[in-house]
Amino acid sequence: MKAIRRFTVRPVLPEPLRPLSDLARNLRWSWHAGTRDLFRRVDPGRWAASGGDPVRLLGSVTPGRLEELAGDRDFLDRLDTVAGDLREYMTGDRWYQAQTDRLPAAVAYFSPEFGITAALPQYSGGLGILAGDHLKAASDLGAPLIGVGLLYRHGYFRQSLSRDGWQQEHYPVLDPNELPVVPLEEPHGTLSQVALALPGGRSLRARVWLAQVGRIPLLLLDSDVEENDLGERGVTDRLYGGGSEHRLLQEMLLGIGGVRAVRTYCRLTGHPEPEVFHTNEGHAGFLGLERIAELRSQDLDFDSALEAVRAGTVFTTHTPVPAGIDRFDRELVARHFGPGAELPHMDVEHILRLGMETYPGGEPNLFNMAVMGLRLAQRANGVSLLHGQVSREMFAGLWPGFDPEEVPITSVTNGVHAPTWVAPEVFRLGARQIGAQRTEEALSVGDSDRWDSVADIPDQDIWELRRSLRKLLVTEVRERLRASWRQRGAGTAELGWIDSVLDPDVLTIGFARRVPSYKRLTLMLRDKDRLMDLLLHPERPVQIVVAGKAHPADDSGKRLIQELVRFADDPRVRHRIVFLPDYGMAMAQKLYPGCDIWLNNPLRPLEACGTSGMKAALNGCLNLSVLDGWWDEWFQPDFGWAIPTADGAGTDPDRRDAIEAAALYDLLEQRVTPRFYERGEGGLPDRWIEMVRRTLSLLGPKVLAGRMVREYVERLYAPAALAHRAMDPDAARSLAEWKARVRAAWPGVTVDHVETSATTDTAELGTTLGLRVRVGLGDLGPDDVEVQAVSGRVDEEDRITGGTAVPLKPAGAPDHEGRWVYEGPLALDRTGPFGYTVRILPSHPALASGAEPGLVTVPSEDLAEAAGLLMR
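All chains use their own residue numbering, which begins from 1 and follows the written sequence. At least 70 in pLDDT is required for a residue's local features to be given in this predicted model, at least 80 for side-chain atom pairs to be given and counted, and no such filter applies to totals for whole chains, interfaces and linings, which use all residues. Heavy atoms from the whole structure form the basis of all side-chain values; hydrogens and water molecules are not counted.

1. Observations concerning the pattern of salt bridges
Opposite charge on two side chains permits pairing when their charged atoms draw close.
Point 1. The term salt bridge refers to a pairing of a side-chain nitrogen on Lys or Arg with a carboxyl oxygen on Asp or Glu at a separation within 4 Å. Tallied over the full model, the rule gives 64 salt bridges.
Point 2. For Arg470, the salt bridge goes to Asp596, with nearest N and O atoms at 3.0 Å. Remark: Asp596 occurs in the loop between helix 22 (585-594) and strand 20 (597-600) and Arg470 occurs in helix 19 (residues 459-487); sequence separation between them is 126 residues. For the pair formed by Arg470 and Asp596, the shared burial category is buried. What counts as a helix is a DSSP run of H or I of at least four residues, what counts as a strand is a run of E of at least two, and both are numbered from the N terminus. Relative accessibility under 20% of the residue-type maximum defines a buried residue, over 50% an exposed one, and the middle range a partly exposed one, all with a 1.4 Å probe and only protein chains included.

Below is the structure:
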């Protein structure tokens, strides 16, 4: 019989055990070993059955066991210690509080997904895991973030396989009352809600749930409330599900509703209001519209409010492929804003102008969420050095007249939260070396020379650690593989072979990620015979563990999974290669430490960062990867191997895959496996162990989320907060009026004449020439512009590469024609073909860069020819 209503019945904890409830509700337990150990002591069997979820554990423990624990002095002492540690963690000064600069009082961090723990499945892949790691690292550093996301009642999806290896999706319903979240409540006990207006007089309401991530509150909006109609109740049903309007409503709720939830939280708790709003990918871009609407209610016009909002906004783009960006039809967006819908007092044309692709190569009828995110943020970044470069090229159309390297998008390379991803065995080895407290600080804060102590760990200890981790992975794989085959319909009698799957002494390769085509899950299958030889080599065998989910609507990705599963089902190799379905955080935490090699072979440069390899590296796993994302930035032969790429313009995709697959096989056959199996005088693989050691000591401090968040604070949050404080209503009006005046006058800005003191087309290194430029400024004055000389090496087409810009100064008053003369030095500081040009940019103290307004004037081609702007 099926129940007509469901309740969550919570146990009544005896008074001495009440602190267990607080410990369970703060997600710090997900990365704090001492708290997890405490909950394991409550009931080891139920702890394992709960999947390591304290909320589920406490909901299943018998009253008798609770009474027993309430009288256990040893347990109560341990509980008191752990609860005291959490109190100190929540209130004590940390890195952020020790900084002398005026940092933001608070930062609101918006993301469509958050991967905090497997017990709160609100993530699909790297973006969500990164967002979760960002919050955890901010908590460890004491940075005052407020996280904002959606609570999806079905999460992403659970994955299984059919008998023939086809991905199948399942959407179990998540009951928030059984999750580590609590509802946000008003003082009189009613549940806090936010509401959005929809066309036709309807509304979209959402309850606000609070997940406490260490020191960081994470607000999750849930539309499954009784006040909504059936359609609106389903808005937060699935992560990245539904059609265009469904996605648009999700993103309106995240951005607009999210700002309203932040205001509610700050009102109820006294938390400082955010000075900086960080938009993690374009999905949350609508938050800027709500903030403009707030300022409009304070008598600011749209353009002035826009300047005020931009000053305190940071936008992070995560995708290097246009297909990964949400784009909506203009009419769909227009229908949901303005009179009779959301933000009724705002001109719909103003809203549309923020997101329309009104640049060469754009689709003028499409509203682009990333474009809106960039136009609403004064500071933007990619997530690795290479991705920053790709993003500047990808969005260069928004800044016409500027070379891609000058597009105002910087980069902060991602990091990973080591306390979450480092195996307990690795932590214990570090604690044995330098102590638990110092190890914890080295993993969380970063910026520490304590990683150097890895050099003192004996080779034997490192090798024993690696083998023990590999052995744990073998056990995990066999359990998961057996469960998967049962789901596929196999009987117990068919599964005896699983007991011999994988070997704790064989070189183990891991490959786990989402399965879009550009990540090339099946590149390893390009030459199946050659792969089979690697797997079955009599002296140097290899074993491979593969996992990954394809998007439910991506049949091409599902076909890639099926192809790999069918190969892995072959009785000849199924003990050496496995595919594990339902890849998620719980699996990943066992997979990364247990592998010796982490394989990554995307199409360069389509991997924005690729943080899975970072998590593997923190556990002593070596990377074997295409030079993409973070690996392009930090690769050294000490740390692993780089797969050569064949990304020339004339290489067709099939040939490129063939070349890169052959290079992968060559590396495995000739360099990777010999080094793993080669033994030194002491019977250990000395050269392999040295690579593990250098991976830990040199890569370790770089790949930390602590390092990443410190960079965000110092390079983006702090400047954004200063800009926000300076942009009071008067300053915002002044800047908006200045921009309007400059745009109107810009057609009258000209470069009329350029001359130098050079008499020939050759000069010696170190020579300084005098440069004299005559310009027309129209209705503008010298205070409105900067005249620059840009110089550097030139390529075969006379384009300046790696140019240096130097401002020139006005020489006196304008002449009788109203023209201004600017002068300055031109240093010939490089040998070889050298060139210079001049340009005029708008200049204002409130601009983050000269490129910000997207206006530039350069000499005409005729003038450039006459001026002789090249020197050879």
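Structure shown, so let's carry the discussion forward.
2. A short note on the sheet that holds strand 28 (residues 820-827)
Point 1. Pairs of strands are assigned from DSSP output, requiring at least two bridges between the strands. The strand order 23-24-28-27 describes an open sheet built from four strands, whose pairing is antiparallel. Each edge of the sheet is formed by a strand with only one pairing partner; in this case those strands are strand 23 (750-756) and strand 27 (809-810).
Point 2. Of the pairings in the sheet, the one linking strand 23 to strand 24 (residues 768-776) comprises six bridges and is antiparallel in character. Directly across from Thr756, in strand 24, lies its bridge partner Leu771.

3. Quick word on unusual backbone geometry
Point 1. Residue Pro605 follows Arg604 across a cis peptide bond; omega there is 5 degrees.
Point 2. Relative to the helices and strands, Pro605 is located in the loop between strand 20 and helix 23 (612-617).
Point 3. Of note in the backbone geometry, Tyr240 takes a positive phi value of approximately 60 degrees without being a glycine.
Point 4. Phi is positive for Leu502, which is not a glycine, with a value near 65 degrees.
Point 5. Assignment of secondary structure puts Leu502 in the loop between helix 19 and strand 17 (507-512).

4. Topic: the side chain of Arg520
Point 1. Turning to its location among the elements, Arg520 is positioned in the loop between strand 17 and helix 20 (528-535).
Point 2. Using a relative accessible area of 5% as the deciding quantity, one classes Arg520 as buried.
Point 3. At 3.0 Å, the side chain of Arg520 and the backbone oxygen of Pro602 are in polar contact.
Point 4. Throughout this description, a polar contact denotes any pair of N or O atoms lying within 3.5 Å of each other; where both atoms belong to protein, one of them has to be capable of donating a hydrogen while the other can accept it, and for residues adjacent in sequence the pair is counted only when both atoms sit in side chains. At 2.7 Å, the side chain of Arg520 forms a polar contact with the side chain of Asp657.
Point 5. Contacts are assigned to residue pairs with any non-hydrogen atoms lying within 4.5 Å of each other. Residue contacts for Arg520: discarding those within four places in its chain leaves Phe511, Asn601, Pro602, Leu603, Val626, Arg656, Asp657 and Glu660.

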